[in-house]
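Understanding the architecture of this molecule
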Amino acid sequence: LYIPIEGIHNNDSISFVYRTSGNRAVKQQVITGKSNENEIIIKKGLKKDDFIFLNTPENADDLKIKTL
């Protein structure tokens, strides 16, 4: 599974994405693999049908990271 590099965010040593869960955004921890300038491999934390945000959502500061 791979996503555009713009979808990955970091907080200290934790990588995460903003994904949708119903009608709201969730900050989801992910384990990443190799990357290039366009895409990054997601080893753990997302499923094939998950939708992610490429930009930071408006309420990002209010969200807590959902850890693995």
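Before any of the text, the structure's been laid out above.
For the structure given in this document, a descriptive report is provided here. Numbering of residues starts from 1 in each chain and follows the order in which that chain's sequence is written. Predicted model: local features are reported for residues with pLDDT of at least 70 only, side-chain atom pairs are reported and counted for 80 or more only, and whole-chain, interface and lining totals are derived from all residues. As a convention, hydrogens and water are excluded, and side-chain values are obtained from all of the structure's heavy atoms.

**A few points about the overall build of the protein**
In DSSP terms, a helix is any run of H or I states spanning at least four residues, a strand is any run of E spanning at least two, and both are numbered starting from the N terminus. Counting its secondary structure elements, the protein contains zero helices and six strands. Starting at the N terminus and ending at the C terminus, the protein contains elements arranged as β-β-β-β-β-β. Along the three orthogonal principal directions, the C-alpha set of the protein runs to about 30 × 25 × 20 Å. Working definition: with a 1.4 Å probe on protein chains only, accessible area under 20% of the residue-type maximum means buried, over 50% means exposed, and in between means partly exposed. By residue count, 31% of the 68 residues in the protein fall in the buried class. Within the protein, contacts between residues at least 6 apart in sequence are counted, and of these 59% link residues at least 24 apart. Per-residue accessibility takes into account occlusion by the displayed protein chains alone, with areas from the Shrake-Rupley method and a 1.4 Å probe. Accessible surface, the protein as shown: approximately 5,000 Å² in total, 45% of it carbon and sulfur. Separation between the mean location of the 10 positive side-chain charges and that of the 9 negative ones in the protein comes to 11 Å. The contact criterion used is simple: two residues touch if any of their non-hydrogen atoms lie within 4.5 Å. Working convention for charge: Lys and Arg count positive, Asp and Glu count negative, and His plus the chain ends are omitted. By convention, the charge on Lys lies at NZ, on Arg at CZ, on Asp at CG and on Glu at CD.

**Quick word on the packing of aromatic side chains**
For this analysis, a ring pair means two rings from Phe, Tyr or Trp (six-membered ring only for Trp) whose centres lie within 6.5 Å, classed as stacked if their planes differ by under 30 degrees, edge-to-face if by over 60, and tilted for the remaining angles. According to the stated counting rule, one finds one aromatic pair in the structure shown. Judged by centre distance (5.5 Å) and plane angle (90°), the rings of Phe16 and Tyr18 are edge-to-face. Overall, the relative accessible area of 5% leaves Phe16 in the buried class. When its relative accessible area of 5% is taken as the criterion, Tyr18 is described as buried. The rule is short: NZ of Lys or CZ of Arg within 6 Å of the ring centre and within 35 degrees of the ring normal puts a charge over the ring. When the ring centre of Phe16 is taken as origin, the NZ or CZ atom of Lys27, which lies over that ring, is 5.1 Å away.

**Description of the pairing of strand E5 (residues 39-44)**
A pair of strands is treated as paired once DSSP finds two or more bridges between them. Across three bridges, the pairing between strand E1 (residues 2-4) and E5 is antiparallel. Counted as the bridge partner of Pro4 is Glu39 from E5. Here strand E4 (residues 24-35) pairs with E5 via three bridges, running antiparallel. Pairing of Thr32 across the sheet is with Ile42, part of E5. Hairpin remark: E4 followed by E5, antiparallel, with three residues in the connecting loop.

**Structural notes on unusual backbone geometry**
The backbone of Asp12 shows a phi angle near 60°, a positive value even though the residue is not glycine. Secondary-structure assignment places Asp12 in the loop between strand E2 (9-11) and strand E3 (14-21).

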